[in-house]
Amino acid sequence: MRRTIFSIFTHRILANSNSARTTFFYSNPLNPKPNGGFAFFRRFSFTRRPPEPDPNDPSTLMKEDGVSVCCQMWLENFREPDRIATNLSSYLRRFELWVLAYQKVSADETGAYVPRNTIERSALEDLLALRNAVLDNRFRWGARLDFFLKSPKDKTDYGSLSKRKIKAILTTSQPAPFQDKIVQEVLFMILEPVYETRFSPKSFAFRPGRNAHTVLRVIRSSFAGYLWYIKGDLSTILDGMKVGFVINALMRDVRDKKVIDLVKSALVTPVITTKVGEDGVKKKKIKRKYQKKRVLAEDEPKPDPYWLETFFGFAPEEGEKTPSWGHCGILSPLLANICLDELDRWMEGKSKEFYRPSKSDVIWNSPEGEAERGNTSWPEFVPTSGPDKTRKMDYIRYGGHILIGVRGPRADVATLRKQLIEFVDQKYMLKLDNESLPIEHITKGIMFLDHVLCRRVVYPTLRYTATGGKIISEKGVGTLLSVTASLKQCIKQFRKLSFLKGDRDPDPQPCFRMFHATQAHTNAQMNKFLSTMVEWYRYADNRKKIVNFCSYIIRGSLAKLYAAKYKLRSRAKVYKIGARNLGRPLKEKKGQSPEYHNLLRMGLAESIDGLQYTRMSLVPETDYTPFPSNWRPNHEKALLEYIRLEDPKTLEGQKSCIREQGLVSPQDYTSMLVWNYKRNAIMMDQLSLLKSASSNAGQDEQLLLGSNQEDHDHVTKEMEENNEGIHVAQM
């Protein structure tokens, strides 16, 4: 009976197994073989395989963290920067990247970060369906009704919509779908490390670790001594380019068909830009009653605060335009840099051709051109140029705007401009003329990123002799490059934001947008705006002056606002009650006799922060930190350092260098300390016991028999040895 049950049990196990080899064993209960059961289990243990992970289960696909996968991509591309990427589809299959993209886009949509372990199971299954659709070429850009994945804040039931609403969704411009943003984010995470190792160091816009401040620091350190400047506006390229040219530029370094097809379909798919009411049908105006403003929930995205919205209004001309090509979204700035990288490389080659050193010049007189420029403590100080001086040029690009500095005769600058016009016409099909690429002298001032590049002449020094006479040095006149914030541009931006009126004598206007806010909230918003302005003008020579002007405008605007709000008639009355920084309350509540500081101490009044930078002495100084010539962003330094330390040759070289100099590495020193502690720890305990016992015995002998000089010397010697042993153990 037992054998019969065993045979049935073995049959069921093998029938339900998932092994590739399906073999059935039956044992005869009437004629059993010896050790049949053990032979079966031995055979079963070798034929059965572990179950494979379910490809449709999202939890089994998240093996690593998405950030670690991104770090792996960055390291691979920085190890081999010139390698052509041919297998990017393997990263497109990594579900960890899709989860990370979902977290990023959800944070932008909802305004709150979503941890990976809090993502709902249904959202992960929809995300997996979106990934499979992309891999199987079933994904379509710009879908309006057919979604694989919806936004967490989108509660619309598209199955129950009326025909009118469906028509409005299909025929009018709508924000980019949530699933499109996720696919764009995944492609961006895959393509960015591939091209960041290849981009020219002369490009600074739409790249991690580089911003407008980096451009200003490069200009201050590298453009000193240039007299002629060419400023060009190629921003029309950012409006759009031919799809074939973009794909050809992309295929120079990426040869993955899946990724190329995704980018191409995003560029080719048309975007509906019709707005509501543009179809020619006049709609009746419906008068609606006043609706009370709805309070936003915690998971809803909050609008930009007033100070941030105001600061965005100060964006310079070079940073206003952001490319947006088709359905590419955040991929558009990266694709624009890929297309314009060929221009950067061409300009780098022209810089090398243009360089002609002169032995009679005190700077750039070496063939390599890497010699020190003038005074090392004051790198902006350079002597004036002439016909017998060195010819040199430099180039930077910020988005679609370029700046070329030239040291040499104007005829060479005109030749360079002609070559640049021909190259842009041939490569980008963009017609430029001399007016779009003007040649300007440094004395007129060159506007770039709302900063004026000019020079200050350093005249010969006066030296006094012992008899009182003065001697003028025979050295040539030097120049100093000055990067100054444009006050005219600042007034223009304030006028655009309705903070003031007038040009020559600007008059602050009341900021009525903050009329319904409290005094504490209004002051806090303007303090954040002022702090941001202080950081924006960090590298301007006139930082104190420009920030003091911004503080004056904002303080005058708030004073007029408070005068209208609290009916105080004039700004003088406001300053008298609220102090110079508007930090005291302008309106006291009825029935509160104690003063403001007593109410604040008791917690019955709201704390009001006064405006910052009300005096010029409170504004920080200009940042003149030297900018290294071989500068790299921090993340690139960390990657290169990690790759260098990962190489075993680096460790061997460090060890040999340490041995040659007779030093000890920190690891060996730590090992020596641990070994000494282990060797002397037991000795220290024994010596401490011996010390206490000998001291007690010595005291008893002195009390009973009296002290003996020889025993006293012996005890003293032992105590000294014990102290030395304890000291060694402690070390």
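Here's a quick rundown of the structure. (Residues numbered from 1 in each chain as written. Predicted model: local features only at pLDDT ≥ 70, side-chain atom pairs only at ≥ 80, totals over all residues. Heavy atoms only, no water.)

A short note on the overall build of the protein
When helices and strands are tallied, the protein shows 24 helices and twelve strands. Per-residue burial for the protein yields a buried fraction of 40% across its 731 residues. Taking the contacts inside the protein whose residues are at least 6 apart along the sequence as the reference set, 73% of them involve residues at least 24 apart. Just so you have it, the protein exposes about 44600 Å², and 54% of that area is on carbon and sulfur atoms. (Helix = DSSP H or I, 4+ residues; strand = E, 2+ residues; numbered from the N terminus. Buried < 20%, exposed > 50% of the residue type's maximum accessible area, 1.4 Å probe, protein only. Contact = heavy atoms within 4.5 Å. Areas by Shrake-Rupley, 256 points an atom, 1.4 Å probe, with all protein chains shown as cover.)

Here we look at the packing of aromatic side chains
By convention here, two paired aromatic rings are described through the distance between centres and the angle between planes. Using the criterion set out here, one finds 17 aromatic pairs in the structure. Between W74 and F78 the ring centres are 6.0 Å apart and the planes differ by 25°, which places this aromatic pair in the stacked class. Here F78 and W74 lie together in helix α4 (residues 66–79), a separation of four residues that amounts to about one turn. F78 carries the same exposure label as W74, and that label is buried. Each ring, one from F494 and one from F499, has its centre 5.7 Å from the other, and the planes form 75°; the classification is edge-to-face. Of the residues examined, F494 reaches a relative accessible area of 0% and is grouped as buried. Its relative accessible area of 2% is what places F499 among the buried residues. The structure contains a cluster of three or more aromatic residues connected by ring pairs, namely F245, W346, F423 and Y428. Cation over ring: R410 sits above W228, and NZ or CZ is 5.8 Å from the ring centre. (Phe/Tyr/Trp six-rings, centres within 6.5 Å; stacked < 30°, edge-to-face > 60°. Lys NZ or Arg CZ within 6 Å of the ring centre and 35° of its normal.)

Section: the environment of N434
Structurally, N434 is set in the loop between α15 (410–428) and β5 (439–441). The class for N434 is partly exposed, based on a relative accessible area of 45%. With near-sequence residues (within four places) excluded, N434 lies in contact with R417 and I421.

Some details on the environment of A524
Structurally, A524 is set in helix α17 (residues 519–536). When the C-alpha positions of A524 and D609 are compared, they lie 6.7 Å apart, and in sequence the two are 85 residues distant.

Section: the sheet that holds strand β4 (residues 401–407)
Two strands in a sheet stick together by hydrogen bonds in their backbones, pointing the same way (parallel) or opposite ways (antiparallel). On the basis of which strands lie adjacent, the open sheet formed by four strands has the order β3-β4-β1-β5 and antiparallel pairing. This sheet does not close on itself; its edge strands, each paired only once, are β3 (392–398) and β5. Sheet twist, expressed as the mean angle between neighbouring strand axes with direction ignored, is 20°. Pairing of β3 with β4, which is carried by seven bridges, proceeds in the antiparallel orientation. (Pairing = 2+ DSSP bridges. Axes fitted to C-alpha atoms, helices over the stretch in contact; angles between N-to-C directions.)

Observations concerning the side chain of H451
By secondary structure assignment, the location of H451 is in strand β7 (residues 451–458). A polar side-chain atom of H451 sits 2.8 Å from the main-chain carbonyl oxygen of L449. For H451, the residues in contact, after removing those within four places along its chain, are L216, I446, V483, T484, A485, S486, W536, Y537 and A540. (Polar contact = N/O pair within 3.5 Å; in protein donor to acceptor, adjacent residues only side chain to side chain.)

Regarding the side chain of H213
In this fold, H213 is placed in helix α10 (residues 212–222). Ignoring any residue separated from it by four or fewer positions in sequence, one finds H213 in contact with E535, W536, R538 and Y539.

Some points on unusual backbone geometry
A positive phi angle is found at D450, which is not glycine, with a value near 60°. Among the structural elements, D450 can be located in the loop between β6 (446–448) and β7. Using a relative accessible area of 5% as the deciding quantity, one classes D450 as buried. In this structure, A579 is a non-glycine residue whose phi angle is positive, near 70°. One can find A579 in the loop between α19 (571–578) and α20 (596–602).

Digging into the pattern of salt bridges
Considering all chains together, one arrives at 31 salt bridges under this definition. Residue E80 pairs with R83 through a salt bridge whose shortest N-O separation is 3.1 Å. According to the relative accessible area criterion, E80 is partly exposed, its value standing at 45%. Measuring nitrogen to oxygen at the nearest pair gives 3.3 Å for the salt bridge that ties E96 to R94. Classification of R94 as partly exposed rests on a relative accessible area of 22%. Through salt bridges with shared partners, a single network forms among E196, R207, R210, R632 and E636. (Salt bridge = Lys/Arg side-chain N within 4 Å of Asp/Glu carboxyl O.)

Observations concerning the packing of helix α7 (residues 121–135) against helix α9 (residues 178–196)
One way to put it is that α7 packs onto α9 with a least axis distance of 11 Å and a crossing angle of 65°. Here α7 runs over α9; the crossing is right-handed. Contact residues: α7 offers L127, L130 and V134, while α9 offers Q179, I182 and V183. Residue classes in the contact of α7 with α9 are distributed as five nonpolar, one polar and no charged. (Left-handed = near helix turned anticlockwise from the far one by under 90°. Nonpolar A, V, L, I, M, F, W, Y, C, P; charged D, E, K, R; others polar.)

Digging into helix α16 (residues 487–496)
Helical geometry note: an α-helix holds 3.6 residues per turn, so side chains three or four residues apart project in the same direction. What α16 keeps buried is the set Q489, C490, I491, Q493 and F494. If you follow the buried residues of α16, they end up packed against β6, β11 (500–501), α17 and α18 (543–565). Within two residues after α16, S498 carries a phi angle of roughly 60°, on the positive side.

Quick notes on the nonpolar core
In this structure, W98, I182, I404, Y428 and F494 are the most contacted members of the largest nonpolar core, which totals 148 residues. Among the elements that line this core, the one with the most residues is α18, at eleven residues. For Y428, the residues in contact, after removing those within four places along its chain, are I237, M241, F245, C339, L340, E342, L343 and F423. (Core = buried A, V, L, I, M, F, W, Y, C linked by side-chain atoms within 4.5 Å.)

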